[in-house]
Number of protein chains: 4
Amino acid sequence: MNYGEVLNNAKTIIGKKCRVCKECNGIACKGEVPGVGGKGTGLAFIRNREKINQVKLHLDTIVPEDKIDTSIELFGRTLKYPILAAPIGGLEMNYGTAQLDDFTYSQAIVGGCKDAGVIGLTADGVKDAFFQDPLKAVGENEGWGIPTIKPWKNDEILKKISQAEEKQVPAIAIDIDAAGLVILAMLGKPVTRKSVDELKEITSATKLPVILKGVMTVEGAKKALEAGAYGIVVSNHGGRVLDHTLATIEVLPQIAEAVKGKMKIFIDGGFRDGVDIFKALALGADAVLIGRPYAVAAYGGGREGVELYTQKVGQELKETMIMTGCNEIQDIGKHCVSYSF
Amino acid sequence: MNYGEVLNNAKTIIGKKCRVCKECNGIACKGEVPGVGGKGTGLAFIRNREKINQVKLHLDTIVPEDKIDTSIELFGRTLKYPILAAPIGGLEMNYGTAQLDDFTYSQAIVGGCKDAGVIGLTADGVKDAFFQDPLKAVGENEGWGIPTIKPWKNDEILKKISQAEEKQVPAIAIDIDAAGLVILAMLGKPVTRKSVDELKEITSATKLPVILKGVMTVEGAKKALEAGAYGIVVSNHGGRVLDHTLATIEVLPQIAEAVKGKMKIFIDGGFRDGVDIFKALALGADAVLIGRPYAVAAYGGGREGVELYTQKVGQELKETMIMTGCNEIQDIGKHCVSYSF
Amino acid sequence: MNYGEVLNNAKTIIGKKCRVCKECNGIACKGEVPGVGGKGTGLAFIRNREKINQVKLHLDTIVPEDKIDTSIELFGRTLKYPILAAPIGGLEMNYGTAQLDDFTYSQAIVGGCKDAGVIGLTADGVKDAFFQDPLKAVGENEGWGIPTIKPWKNDEILKKISQAEEKQVPAIAIDIDAAGLVILAMLGKPVTRKSVDELKEITSATKLPVILKGVMTVEGAKKALEAGAYGIVVSNHGGRVLDHTLATIEVLPQIAEAVKGKMKIFIDGGFRDGVDIFKALALGADAVLIGRPYAVAAYGGGREGVELYTQKVGQELKETMIMTGCNEIQDIGKHCVSYSF
Amino acid sequence: MNYGEVLNNAKTIIGKKCRVCKECNGIACKGEVPGVGGKGTGLAFIRNREKINQVKLHLDTIVPEDKIDTSIELFGRTLKYPILAAPIGGLEMNYGTAQLDDFTYSQAIVGGCKDAGVIGLTADGVKDAFFQDPLKAVGENEGWGIPTIKPWKNDEILKKISQAEEKQVPAIAIDIDAAGLVILAMLGKPVTRKSVDELKEITSATKLPVILKGVMTVEGAKKALEAGAYGIVVSNHGGRVLDHTLATIEVLPQIAEAVKGKMKIFIDGGFRDGVDIFKALALGADAVLIGRPYAVAAYGGGREGVELYTQKVGQELKETMIMTGCNEIQDIGKHCVSYSF
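A quick note: this is a predicted structure, and the numbers were derived from the prediction, not measured.

A. Looking closely at the UniProt feature "binding site: glyoxylate" (unreviewed entry) in chain A. All names here are of chain A. Cross-referencing UniProt, the feature "binding site: glyoxylate" (unreviewed entry) maps to H237 and R240 in the present numbering. Mapped onto the fold, H237 is located in the loop between β9 (231-234) and α10 (248-259). Of the residues examined, H237 reaches a relative accessible area of 18% and is grouped as buried. Those residues within four positions of H237 in sequence are excluded, and the remaining contacts are D175, D177, A178 and K213.

What follows is the structure, given as structure tokens:
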């Protein structure tokens, strides 16, 4: 199998809901929730891509030749690339096919990421199985996955963290930006916004690093730091929880200026290839979560598709480093790019 | 009935004049006057939408959870949401159907708004009935509506105010930006621009709060204040009286800086959903008038359609407040948004 | 006849070369020279329109009502509106029809403008008749027209000025930006750039006011002033002599700042309706030349078409003055508009 | 033959790979590598054109008339225009036809440029013949061509320089931005980035002027100067070695500010006609390389096509100089243009 075949397969399987566009930019699917689009006008998703495209690279090849090393350290482990798969749940509803359920999808993502030397996040949902099934897939892969928990009541969260600890996962994530999913309350299991104190209760109850996903302001990043988070994901939930937000890459530089080095900064929202990863690192991210393209890879090629896609992005990152005079991940910085948001 | 059905019904009734576009942005109908478009190039209408889209929200869910209260106080009464229906007249001419006349339209708007806990404005025109009929609909709803009067000669205006007072309405509006409708002079009943003194004569002749609709400059807002207005509507008449004006949201911040707190600031021009309402409030408006979408709701669902649309927008506003860390209307401010006009 | 009929007629006559677009903006005809488009990429023409569209008006109707006066004084005469018809030559070649030749076209333009209370400019060309024929049409209208002369050798220019003086015209124009028409040299009659001294020789040899057409820089405007010009036309020749110039409205404010009041400032390039005229006046022009739309009017309605078009634009200017609180032409200024070039 | 026929011929020969678009701007062919497009999103190529279009000219014809001289001195020789043909290799693969191979293509380019008074660069590749064949074509034209060498190991480069010296070429070029072509390593002949010292070894080993092609930063330009280069080509390899770079014209002004006068500054990337050449000179380039349009000319008209295209561009440059008040190349400067990148 090669990546071209993965894309072609995916198109036949999920083409009605996700068109597997040449550039996955939120335009064809705008407003499609359920589905894979951004909420409302879809502009939050679309802007994520637009702003990434506005970051430009500085080509410079007058440097001593050296080996390129794309690896990073996270949670005391080594990832081959600064890439993670973002959590995606509700597969059947959003992709309009029973081809993969939350369990088989998680197997592909967690396994394929492991094979490629990176790590995948799994999702959560209103039914217990929506968390347990993905966690089972993590267990099958020696705990090489990061479970995501929705912002339920704290005891529910703590119970799920215990279950994750049993699988010896390296970290857990809470997608705090799911607080606006009023549908969950309608289904009898409300999510809520969380105060710093409530988040402190969680981070101090576990030895696992806790990642707070869905921070879009400097103020929010500082509160996450105060709450004891291991890291944040600068994220607008792919544009699916609030219309008309800023783009994630757009708020990254100021957030990095405020908290870089004090906690890990992850980001997601529109990152597609190795050049995009490079841009995020240049503007202050430690690593990047990729969402929709991993789903395409999983539908089109299963575990192997996920591995192939990761390798493709990793190789692109490597080539980008060659052309910008960078040899290691820490060489990548603001001097490598121009941008005007 | 649900809102999707309202839209579908509307399309069959007014689809030739108003296409009931997915995004009501003035592009499909540009230049169509009569009709529902903006005048000339249509760019004044189109820019209203474009500039609203340029305001971006700051997502932050790390806050203590609390109840959301969307209500505001106006004219000593409580509205469930900071939303009003804008006055629309000449229904048959502009929408190309006899389905609703100025009376039945006003019944749907005033009644539906009342049912949803907000308030509707009614319109005026060259014939006496164009003011009396809508006023009758207000009367049927215990005066729960705001009549709008065109900038006729002052005695004509004062006579109409007296008629409105009899219905115990909470306020009256004068759409001073109708001064350029030279067609009215051709029909024998000219409208004119008004000096501060002429406006003072009106505001001092009634105990009703007087709202001046059609202010687009700081200078104009200060003159309205000097004239004793209860409030202004920042409005370019939906782009229908002058081509190539600035957008209303674009002039709002400077107007708010000049007169906020000294008089009420309303705004209209391209506001469509709850996120749009939030943006207007963040930039200094006390409440927002919505025009064309209310007409769509009235054609597609009558009084119930108007109520359904209001509830939809109100719910969207509520969800937006959840995601931006706001619990009450006064929590919404400039710190919640980014914009560059 | 009404203006809608004029447009429809025109479409049948010149539709292959000039599509009589709803917005005459240089896009459909780009690069068509001969034809009516801009040279090369056509972007000079297109930018003229784009930049006019970027000027926005300040609506304000809280002013004392008064009569609107659109008239101006030029060359000791009164024009009903600050509008002139720009010179257009080579009709048959550019519009692809023998319907009008340079003589009959000039009759329509000069006569129609006179009827409407404004004044038309006529054109020049490589053959003697291209100047003589239009001049004859001016003569038929009591000299109520302004002949334009190409930048030939000075004695040729002076000879043509003498001929114009005999018709008692109010002024003559020289389109100095025709210097780049290398085709004229190929046809045996070269045009050239002119030094300040050469231009001085011309302005001092006649009592007629001399208008230099084709100035796009502050430096150029100052040189025109030094050369004794009565006025300049800020013009890029409709984008037909040099690709990729700035827009005329874009350079107007700085030119006005340098020479306003010391000489007359005319402008052309993309002005279409009364709002456009208003914008030019607000940014410093004394009057505006309109080109292509006058040709459309002449083809579609002859002398009457030219009159009808002028009245339409004049009425639009009047309505724009009503809505911006202006009563006389000198009330129109920078405070009436916003722009960011 | 005329240039229109050249274009029509080309369309029939290479139309499947290169559509011979009216404006060659990288949109139709984006992502097509092999092919003629930009890499990945194609935005590096596209931006090259966009930014050139954002440079605008200052028209001024009030100047003393004089003769126009477009010639420049380079390598102690005189070129009729400040134009060079950029090196293009892999013809059969990228243009999808056997019509021209690297040898016959080089014959057309080198010969046609010579006939028109300018000079062409030839290409290099993984096989020896890819360098030898073009060099043979240079030899057939008395050495009137500039061979380009890929950044192989230094001894390989030095060997090829010796071969070039035998043909008495005026200069050699090294396209250092080819360092990212990992395909070459896969084919057994890796290219690498070069340190300043490695480049010094090359420039000091030959008396030929050495041009380093592929510099996009001030830092890179200073390193090239330190390495003893005769000149640099500001180039992003037509957008084919790294996605999302800045445009070449965009970085030119700052590079010119740093090294202008200390070494020659060439540029390529999207330059198509004489106005484009003028813009590059105004922003600091000494001469401009043109790539894709020369390939179109060679396919469509061979040696004669190359000559015709050069004359067309040269004539356009001359006309642009007339309209901007420039008589010699050194008259062209920043005062002739406006730009905002």
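B. Local environment of the arrangement of the chains. No interface is formed between chain A and chain C, the nearest pair of C-alpha atoms being 18 Å apart. These two, chain B and chain D, are apart from each other, with no contact and a minimum C-alpha gap of 18 Å.

C. Expanded view of the relation of the copies chain D and chain A. Superposing chain D onto chain A requires a rotation of 90° together with a translation of 0.0 Å along the rotation axis, leaving an RMSD of 0.0 Å. What the superposition gives is, in effect, a four-fold axis relating one chain to the other. For chain D, the residue whose C-alpha comes nearest the rotation axis is D:S340, separated from it by 9.1 Å.

D. Quick peek at the interface of chain D and chain A. Taken together, the contact between chain D and chain A spans 30 residues of the former and 28 residues of the latter. For the pair chain D and chain A, the summed buried area comes to about 2400 Å², and 61% of that belongs to carbon and sulfur atoms. Summed over the three residues of chain D that lose the most area to chain A, namely D:R193, D:L242 and D:H244, the buried surface amounts to 35% of that side. The tally of links between chain D and chain A comes to three salt bridges. With its nearest N and O atoms 2.8 Å apart, the salt bridge here joins A:D60 to D:K223. Elements with a minimum of two residues in the side of chain D that touches chain A: α2 (43-53), α8 (196-203), β8 (210-215) and α9 (218-226) of chain D. Of all the elements, α9(D) adds the most residues to the side of chain D that touches chain A, at three residues. Classifying every residue of the side of chain D that touches chain A by side-chain character gives 13 nonpolar, nine polar and eight charged.

E. Representation of the sheet that holds strand β9 (residues 231-234) of chain D in the model. Residue and element names in this part refer to chain D. Reading around the barrel, the eight strands line up as β4-β5-β6-β7-β8-β9-β10-β11 and close back on themselves, with parallel pairing between neighbours. On average, adjacent strands in this sheet sit at an angle of 30° to one another, irrespective of strand direction. As defined by bridge partners, strand β5 (residues 119-122) adjoins strand β6 (residues 145-149) across three bridges and the pair is classed as parallel. Within β6, the residue paired with T122 across the bridge is P147. On the sheet, helix α6 (residues 154-166) packs against β6 and β7 (172-175) and is oriented at approximately 170° with respect to β6.

F. Spotlight on the confidence of the model for chain A. Looking at chain A, pLDDT values average 97 and 100% of them are 70 or higher. In the model output, the complex is listed with pTM 0.96 alongside ipTM 0.96.

G. Spotlight on the interface of chain C and chain D. Of the residues lining the interface, 30 residues belong to chain C; the matching set on chain D comes to 28 residues. Buried surface at the junction of chain C and chain D, both sides included, amounts to about 2400 Å², of which 61% is carbon and sulfur. Three residues stand out in chain C for area buried against chain D, namely C:R193, C:L242 and C:H244, and they jointly supply 35% of the buried area on that side. For the pair chain C and chain D, the number of links is three salt bridges. One salt bridge in this structure joins D:E319 and C:K39, with 3.1 Å as the shortest N-O distance.

H. Structural detail: the packing of α9(D) against helix α10 (residues 248-259) of chain D. Residue and element names in this part refer to chain D. At their nearest, the axes of α9 and α10 sit 9 Å apart, and the two run at 35° to each other. Handedness of the crossing formed by α9 with α10: right-handed. Residue-level inspection shows V218, A221, K222 and L225 of α9 in contact with α10, the latter providing Q254, I255, A258 and V259.

I. Structural view of a nonpolar patch on the surface. Judged by side-chain polarity, A:I183, A:M186 and A:L187 come together as a nonpolar surface patch covering roughly 350 Å² of accessible area. Note on placement: A:I183 falls in helix α7 (residues 182-186).

J. Structural detail: the pattern of salt bridges. Residues and elements named next belong to chain A. Summed over the entire model, instances satisfying the criterion amount to 72 salt bridges over all chains. In this structure, D124 and K160 form a salt bridge, with 2.9 Å as the shortest nitrogen-oxygen distance. A residue pair is termed long-range when its members are at least 10 positions apart, and D124 in the loop between β5 (119-122) and α5 (129-140) and K160 in helix α6 (residues 154-166) qualify at 36 residues. When sorted by exposure, D124 lands in the same class as K160, which is buried. A single salt-bridge network, built from bridges that share partners, covers D124, D128, E156, K159, K160 and K189.

K. Just helix α2 (residues 43-53) of chain B, in detail. Most of α2(B) sits inside the fold, with nine of its eleven residues counted as buried. Within the span of α2(B), buried status applies to B:A44, B:F45, B:I46, B:R47, B:N48, B:R49, B:K51, B:I52 and B:N53. On the buried face of α2(B), the contacting elements are α2 (43-53) of chain A, β1 (56-57), α10 (248-259), α11 (274-282) and α12 (292-323) of chain B together with β1 (56-57) of chain C.

L. Expanded view of the packing of aromatic side chains. Following the criterion strictly, the structure yields 20 aromatic pairs over all chains and no others. Ring centres of C:F75 and C:Y230 lie 5.4 Å apart, and the angle between their planes is 35°; this geometry places the pair in the tilted category. Of the two residues, C:F75 sits in the loop between β2 (72-74) and β3 (77-79) while C:Y230 sits in the loop between α9 (218-226) and β9 (231-234), which places them 155 residues apart along the sequence. An aromatic cluster is built from A:Y3, A:Y294 and A:Y309, whose rings are joined through pairwise contacts. Its end group placed over the ring of A:W152, A:K189 keeps NZ or CZ at 4.4 Å from the ring centre.

M. Spatial organisation of unusual backbone geometry. A cis amide bond, omega -5°, links A:V33 with the succeeding residue A:P34. Structurally, the position occupied by A:P34 is in the loop between α1 (3-14) and α2. The phi angle at A:H244 is positive, at roughly 65°, despite the residue not being glycine. Here A:H244 lies in the loop between β9 and α10. Of note, the phi angle at B:V20 is positive, near 50°, even though the residue is not glycine. A relative accessible area of 9% means that B:V20 is categorised as buried.

N. Inspection of the sheet that holds strand β10 (residues 264-267) of chain B at higher detail. Residue and element names in this part refer to chain B. Overall, parallel pairing links the eight strands, which are arranged β4-β5-β6-β7-β8-β9-β10-β11 in a closed barrel. Strand-to-strand, the axes of this sheet are offset by a mean angle of 30°, without reference to chain direction. As judged from the three bridges shared by strand β4 (residues 83-85) and strand β11 (residues 287-290), these two strands associate in the parallel manner. Within β11, the residue paired with I83 across the bridge is V288. Sheet strands in contact with helix α6 (residues 154-166) are β6 (145-149) and β7 (172-175), and its direction is about 170° off that of β6.

O. Summary view of the pairing of β11(B). Residue and element names in this part refer to chain B. Side chains A287 and L289 of β11 all project onto a buried face; the interleaved residues V288 and I290 project onto the opposite face, where all are buried too. Strand direction decides the pairing type here: β10 and β11, joined by two bridges, are parallel. Pairing of F266 across the sheet is with A287, part of β11.

P. Layout of the environment of B:E307. Residues and elements named next belong to chain B. Relative to the helices and strands, E307 is located in helix α12. Taking the C-alpha atoms as reference points, E307 and G112, 195 residues apart in sequence, are found 4.5 Å from one another. Ignoring anything within four residues of it in the chain, the contact list for E307 reads G112, D115 and A116.

Q. Spatial organisation of the side chain of A:D60. Counting through the fold element by element, A:D60 comes out in the loop between β1 (56-57) and β2 (72-74). For A:D60, a relative accessible area of 11% translates into the label buried.

R. Just the pairing of β9(A), in detail. Residue and element names in this part refer to chain A. Along β9, one buried face is formed by G231 and V233 and the opposite face, lined by I232 and V234, is buried too. Pairing geometry for strand β8 (residues 210-215) and β9, over four bridges, is parallel. Counterpart to K213 in the pairing with β9 is V233. Taken together, β8, helix α9 (residues 218-226) and β9 form a β-α-β motif whose crossover is right-handed. Pairing between β9 and strand β10 (residues 264-267): four bridges, direction parallel. Bridging across to β10, V234 finds its partner in I267. Of the crossover connections in this fold, the one passing from β9 over α10 to the parallel β10 is right-handed.

Procedures and definitions
- Residues numbered from 1 in each chain as written.
- Chains lettered and ligands numbered in written order.
- Predicted model: local features only at pLDDT ≥ 70, side-chain atom pairs only at ≥ 80, totals over all residues.
- Heavy atoms only, no water.
- UniProt positions renumbered as here; feature names shortened; annotations may be inferred.
- Helix = DSSP H or I, 4+ residues; strand = E, 2+ residues; numbered from the N terminus.
- Buried < 20%, exposed > 50% of the residue type's maximum accessible area, 1.4 Å probe, protein only.
- Contact = heavy atoms within 4.5 Å.
- Least-squares fit on C-alpha atoms with pLDDT ≥ 70 in both.
- Buried area = accessible area lost by both parts, 1.4 Å probe.
- Salt bridge = Lys/Arg side-chain N within 4 Å of Asp/Glu carboxyl O.
- Nonpolar A, V, L, I, M, F, W, Y, C, P; charged D, E, K, R; others polar.
- Pairing = 2+ DSSP bridges.
- Axes fitted to C-alpha atoms, helices over the stretch in contact; angles between N-to-C directions.
- pLDDT = per-residue confidence, 0-100.
- Left-handed = near helix turned anticlockwise from the far one by under 90°.
- Patch = residues over 30% accessible without salt bridge, like charges linked within 9 Å, V, L, I, M, F, W, Y side chains within 5 Å.
- Areas by Shrake-Rupley, 256 points an atom, 1.4 Å probe, with all protein chains shown as cover.
- Phe/Tyr/Trp six-rings, centres within 6.5 Å; stacked < 30°, edge-to-face > 60°.
- Lys NZ or Arg CZ within 6 Å of the ring centre and 35° of its normal.
- Right-handed = clockwise from strand over helix to strand, strands pointing away.

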